[in-house]
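Per-entry structural report
These are the residues of each chain, in order.
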Amino acid sequence: MKTAIYPGSFDPVTYGHLDIIKRAAEIFDELTVSVLNNKQKTPLFSVEERVNILKEATKDIPNIKVESFSGLLVDYAKSRNVHVVIRGLRAITDFEYELQNAQTNALLSKGALDTVFLTTKLEYAYLSSSSVKEIASFKGDISMCVPEFVAKMVYDKYGYNK
Ligand code: ADP
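Everything in this summary refers to the structure shown in the same document. The shown structure was predicted, so the numbers you read here are calculated from the model rather than taken from an experiment.

**Examining the overall build of the protein**
A tally of regular secondary structure across the protein gives six helices and five strands. Reading the helices (α) and strands (β) of the protein from amino to carboxyl end gives β-α-β-α-β-α-β-α-β-α-α. For the protein, whose C-alpha radius of gyration is 16 Å, the value lies close to the compact-globule estimate of 15 Å for 162 residues. The buried share among the 162 residues of the protein stands at 46%. For the protein, the share of sequence-separated contacts (at least 6 apart) that also reach a separation of at least 24 residues comes to 74%. For the protein, the exposed area adds up to about 9,300 Å²; of that, 53% sits on carbon and sulfur atoms. Computing the positive centroid from 20 side-chain charges and the negative centroid from 20, the protein places the two 3 Å apart.

Printed below as a string of C-alpha cells:
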C-alpha cells in the first residue's frame, strides 16, 4: 500500500491545502494529514481545533486520516512506517525553504524519507494561512480562501460574527 504524510501548520486550512490534499489522495492509497504541534509558534487555532477542522473539511475523501504530531518529522514518519512526505509549492519563495527541509529529512532519515512536491493550482498560488488571518483580523472577505465553516470559525476568533 502506498502511503504518505502531508504535514503542516494548517492554521487554518485553506483551499490551497485542500487542493493539495485532494490531489495527493488520488496518487496515494492512504494520506495522513498531520498537524504539527509547534511550540515555537503561537497559532490562532489549537492543535485539536485544527485536527477537527481538517477532519470536517476532508470528510468526503475516504482515504484520508487526520492526526497531530510533535517533534521531528522523520521520527514521526518512522513510527508510522511511512516513507513519503507531501509538500505544496506555491512560488519560488517556497522552493528554497522546502528544498532545504527535504534534504535535511533525507539526511536525518538516512534516505528513508522522500519528499514529493505538488505545485499549487494557479488560482491558489496567492493563498496562505497568514494572509487569511490578516484579512480576517480586519474583517475582510475570506470566502474565496477557506470553506464557509472555517471562515466562520476564523471570524469568531477575531470577535466578528459574519
Ligand atoms: P508550514 O507552517 O509547515 O509551512 P502550512 O500549513 O503553511 O505549514 O503549509 C503546509 C504545506 O502546504 C506547505 O508545503 C506549503 O507550501 C503548502 N501550501 C500552503 N499554502 C498552499 C497553497 N495555497 N497552495 C499549495 N500549497 C500550499
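**Remarks on the site of the ligand**
As a structural note, the neighbourhood of the ligand is formed by 17 residues, with Tyr-6, Ser-9, Phe-10, Gly-88 and Tyr-124 the closest of them. Side-chain polar atom of Ser-9 to an oxygen atom of the ligand: 2.7 Å apart, as the coordinates give it. Contact between the ligand and Glu-98: an oxygen atom at 3.4 Å from a side-chain N or O atom of the residue. Here the ligand has 550 Å² of accessible area as a free molecule, and 91% of this is covered by the chains. Secondary structure elements with two or more residues in the shell around the ligand: strand 1 (3–8), helix 1 (15–27), strand 4 (84–89) and helix 4 (92–108). For the shell around the ligand, the class distribution of residues is six nonpolar, six polar and five charged.

**A short note on the nonpolar core**
Among the nonpolar cores identified, the biggest contains 36 residues, and Ile-21, Leu-31, Val-33, Ile-86 and Ile-142 are the most heavily contacted of them. Among the secondary structure elements, those contributing two or more residues to this core are strand 1, helix 1, strand 2 (30–36), helix 2 (47–57), strand 3 (64–69), strand 4, helix 5 (129–137) and helix 6 (148–157). Among residues more than four places away in sequence, those in contact with Val-33 are Tyr-6, Phe-10, Ile-21, Leu-54, Ile-64, Lys-65, Val-66 and Glu-67.

**Quick look at unusual backbone geometry**
A cis amide bond, omega 0 degrees, links Asp-11 with the succeeding residue Pro-12. With respect to the helices and strands, Pro-12 occurs in the loop between strand 1 and helix 1. One non-glycine residue, Asn-81, lies in the positive phi region at around 60 degrees. Within the fold, Asn-81 resides in the loop between helix 3 (73–79) and strand 4. Unusually for a residue other than glycine, Lys-110 sits at a positive phi of about 55 degrees. In this structure, Lys-110 sits in the loop between helix 4 and strand 5 (114–119).

**Comments concerning the pattern of salt bridges**
Applying the stated rule across the entire model yields eleven salt bridges. Between Lys-59 and Glu-56 there is a salt bridge, with its nearest N and O atoms 2.7 Å apart. Taking relative accessible area as the criterion, Lys-59 reaches 54% and is therefore assigned exposed. Glu-98 is the salt-bridge partner of Arg-87, the closest N and O atoms lying 2.8 Å from each other.

**Observations concerning helix 5**
At 3.6 residues per turn, the α-helix brings residues three or four places apart onto the same side. Every buried residue of helix 5 is listed here: Ser-129, Val-132, Lys-133 and Ala-136. Here the buried residues of helix 5 occupy an arc of 95 degrees about the axis, which is enough to place them on one side. Of the surrounding secondary structure, the elements contacted by the buried residues of helix 5 are helix 1 and helix 6. One or two positions beyond helix 5, positive phi appears at Lys-139, with a value near 65 degrees.

How each quantity is defined
- Residues numbered from 1 in each chain as written.
- Predicted model: local features only at pLDDT ≥ 70, side-chain atom pairs only at ≥ 80, totals over all residues.
- Heavy atoms only, no water.
- Helix = DSSP H or I, 4+ residues; strand = E, 2+ residues; numbered from the N terminus.
- Rg over C-alpha atoms; globule rule 2.2 N^0.38 Å.
- Buried < 20%, exposed > 50% of the residue type's maximum accessible area, 1.4 Å probe, protein only.
- Contact = heavy atoms within 4.5 Å.
- Areas by Shrake-Rupley, 256 points an atom, 1.4 Å probe, with all protein chains shown as cover.
- Lys, Arg positive; Asp, Glu negative; His and termini not counted.
- Charge placed at Lys NZ, Arg CZ, Asp CG, Glu CD.
- Near = heavy atom within 4 Å.
- Polar contact = N/O pair within 3.5 Å; in protein donor to acceptor, adjacent residues only side chain to side chain.
- Nonpolar A, V, L, I, M, F, W, Y, C, P; charged D, E, K, R; others polar.
- Core = buried A, V, L, I, M, F, W, Y, C linked by side-chain atoms within 4.5 Å.
- Salt bridge = Lys/Arg side-chain N within 4 Å of Asp/Glu carboxyl O.
- Arc of directions from axis to C-beta.

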